[in-house]
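Here is what each chain is made of, one letter per residue.
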Amino acid sequence: MNVAQKLISSHLVSGTMKAGEEIAISIDQTLTQDATGTMAYLEFEAMGIPKVRTKLSVSYVDHNTLQSGFENADDHRFLQTIAAKYGIYFSRPGNGICHQVHLERFSSPGQTLLGSDSHTPNAGAVGMLAIGAGGLNVALAMAGEPFWMVMPEIVRVTLTGAFQAGVSAKDIILEVLRRMTVKGGVGRIIEYSGDGIKKLTVPERATITNMGAELGATSSVFPSDEQTLAFFKAQEREGDWTGLKPDADAEYDEDILINVDEIEPMIAAPSSPDKVSRVRDVEGMPVRQVCIGSCVNSSFADLMVAASILKGRRIHPDVSLTISPGSRQAFRMITENGGLADLISAGARVLECTCGPCIGMGQSPATDTVTLRTFNRNFPGRSGTSGDRAYLCSPLTAAASAITGKITDPRDLVKEPIKISLPEKYTVDDSMIIAPSKAPEKIVIERGPNIKPFPVKGALEESLKTKVVLKVGDNITTDDIMPAGAKILPLRSNIPAISEYVFSKVDPAFHTRARASGGGIVLGGVNYGQGSSREHAALAPMYLGIKVVLAKSFARIHKDNLINFGILPLTVEEDVYDSIDPDADLEFPDLSKEVRESSKITFMDVGKGKTYTSEHGLTGRQREIVLAGGLLNYVRGK
Ligand code: MIC
Ligand code: SF4
């Protein structure tokens, strides 16, 4: 078996490990962050279970930290008290970004982790099976239920050779994205192997597994080897380490070879992480903002690479440089070793250890200017500026460009490889992680006025006659469906309020139109719903009355979220998509019967008098969920 198969087989509770079949796996650990966590804990609470049934559950606060009103602080109080009551560890605001802290302090080879954030596969760097999912799936995992998914294909990416000067792990994953695109990983786990991985440290591996989310992959994973052991020793967690390697005769569904010697500094152009080219191809373009941080490139080593390039230099007068350390551990260590002083002397603006600019929580770039970010996503408008021009690159390219004021190949400044070796000992201080209460019965859960109960839906209609309320193109992201940013993100625990922003950046009239027609249908292209795990991208449309999404294909997490909230995802062929008008009246005469009895759903275009077929592709269990009007109803029914 390969590493992914070993992880799945040791947790398999239902199904057979044949690609495409539905399987269920037991979940050892869960993580949530604040922007998805409030809803996940409201859902968990509704299940009426006294304590989480996982080996470990952690609640992080890292997204909603800009407290420009009472909302975020309300949510933080709610999260802290609910964690204390139900047996969940609570990582306080300021302690760091969930994926970075989880890797450092809680990850464990051989275990499974389900997180209500799409970049949960970050922990695949230490040989965990780490998967991103909607909050409701995570709530069920906390209740001890297994996680259901389609058995993925396992793709082996073999790395050979070593980095040339100026090249780093970010350039490897950008190269993978260039080859596979943002939909190339759907239904797959990417497993890394080969001589080239031996020298990659755990934080470097995490950069690669983190951005597997941008491929649409179910997860990404590295074996657990000597590098992993060194990381656990340095984190004073040797006891949490076990080795995990593929068998010598392990088989894979597909093979990809990458010669690391040949990789050059790479960059993703606006506004998709797969619009990748060499930095050389776009060098010289003036840059006005450089942001170093986010869960993909904010480790101690990432920050020190930037510090060593910026040491003794000044940033260009036209550039604003921000640094957001991934964790308090990384922040403290660059403070203690002088790296922070080098960054500040060069002119950096130092932010909190949070997601910050990555999710548009401040630092939105100026109009029509280039912002260069070490982040993982550059979807349109995600920075908070509409029409933004966000490029994604490594900390090396970012630091070099901050100095010159234009996109710069770091090899022009860095002649020798900068290798920040793994510290022999990280500074360990878990005082910002609060253990659950020993007297949970005494804990009173605090709920501010921003916390509203989540909406529920009735069973699926027998038949449906409704309107297409929006027709969109390919690769629609969850940032398009349910935007984030400093203004909207604080409404994550208030579905009635946040629903006013559904598709607001694509079509500001969407909310009013959907309301007026009592809901309706959204028509999408290929890879509909890529990106985030936010279940709000299904919950809020459900609240507005959206019943069906017709699309050419779906992204994994979003499809699950639609099913979880009783919205029917149906796939249609290209010609059907083409012939349906953006305001067509559609009729589904036998909707619930066909969901129950067939794999095909028939519908009519009332205006054109045409009949079409679509596929639901749902498993038996998923059919039941949709028929019940969503996962909570289904679970309650059982
Ligand atoms: C993101 O990077 O888009 C987020 C914000 O972390 C999301 C989660 C969310 O929307 O709260 C994700 O990646 O799942
Ligand atoms: Fe936070 Fe950005 Fe990572 Fe999402 S991708 S968890 S917003 S740092």
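Owing to the predicted nature of the structure, the values given are computational and were not obtained by experimental measurement.

(A) Representation of the sheet that holds strand E4 (residues 56-60). Taking strand neighbours across the sheet as the criterion, the six strands line up as E7-E6-E3-E4-E5-E20 in an open arrangement whose pairing is mixed. Edge strands, defined here as strands with exactly one partner in the open sheet, are strand E7 (129-132) and strand E20 (433-434). Sheet topology note: the strand E5 (residues 89-91)/E20 ladder contains two bridges and is antiparallel. Bridge pairing in E20 places Ser 91 opposite Ile 433. Sitting on the sheet, helix H3 (residues 70-86) is in contact with E4, E5 and E20, with an inclination near 155 degrees to E5.

(B) Representation of empty space enclosed by the protein in the model. Inspection of the entire model under this criterion finds eight cavities of 30 Å³ or more. Of the pockets and cavities examined, the largest cavity occupies roughly 230 Å³. Every residue lining the largest cavity is counted, 24 residues in all, and those nearest its centre are Gln 33, His 63, Asp 117, Arg 377 and Arg 382. Only helix H2 (34-46) and helix H4 (98-105) provide two or more residues apiece to the lining of the largest cavity. When the residues that make up the lining of the largest cavity are grouped by side-chain class, the tally is nine nonpolar, 10 polar and five charged.

(C) Structural context of the environment of Tyr 192. Position of Tyr 192 among the secondary structure elements: in strand E10 (residues 188-193). The class of Tyr 192 is buried, set by a relative accessible area of 0%. A C-alpha to C-alpha distance of 21 Å links Tyr 192 and Cys 393, two positions 201 residues apart in sequence. Those residues in contact with Tyr 192 that lie beyond four places of it in its chain are Val 157, Leu 159, Ile 173, Val 176, Ile 197, Ile 208, Ser 220, Val 221, Phe 222 and Pro 223.

(D) Quick peek at the site of ligand 1. Around ligand 1, the surrounding shell holds 14 residues, and the nearest of these are Asp 117, Ser 118, Arg 492, Ser 533 and Arg 534. Ser 118 is positioned such that a nitrogen or oxygen atom in its side chain is 2.6 Å from an oxygen atom of ligand 1. With respect to ligand 1, the side chain of Arg 377 contributes an N or O atom lying 2.9 Å from an oxygen atom. Assessed atom by atom at 2 Å from the grid points, ligand 1 resides in the largest cavity.

The rules behind these values
- Residues numbered from 1 in each chain as written.
- Chains lettered and ligands numbered in written order.
- Predicted model: local features only at pLDDT ≥ 70, side-chain atom pairs only at ≥ 80, totals over all residues.
- Heavy atoms only, no water.
- Pairing = 2+ DSSP bridges.
- Helix = DSSP H or I, 4+ residues; strand = E, 2+ residues; numbered from the N terminus.
- Contact = heavy atoms within 4.5 Å.
- Axes fitted to C-alpha atoms, helices over the stretch in contact; angles between N-to-C directions.
- 1 Å grid on protein atoms, 1.4 Å probe; cavity = no way out; pocket = protein on both sides within 12 Å on 5 of 7 lines; lining within 4 Å.
- Points joined across faces, edges and corners; volume = space filled by probe spheres on them.
- Nonpolar A, V, L, I, M, F, W, Y, C, P; charged D, E, K, R; others polar.
- Buried < 20%, exposed > 50% of the residue type's maximum accessible area, 1.4 Å probe, protein only.
- Near = heavy atom within 4 Å.
- Polar contact = N/O pair within 3.5 Å; in protein donor to acceptor, adjacent residues only side chain to side chain.
- Sits in = over half its atoms within 2 Å of the grid points.

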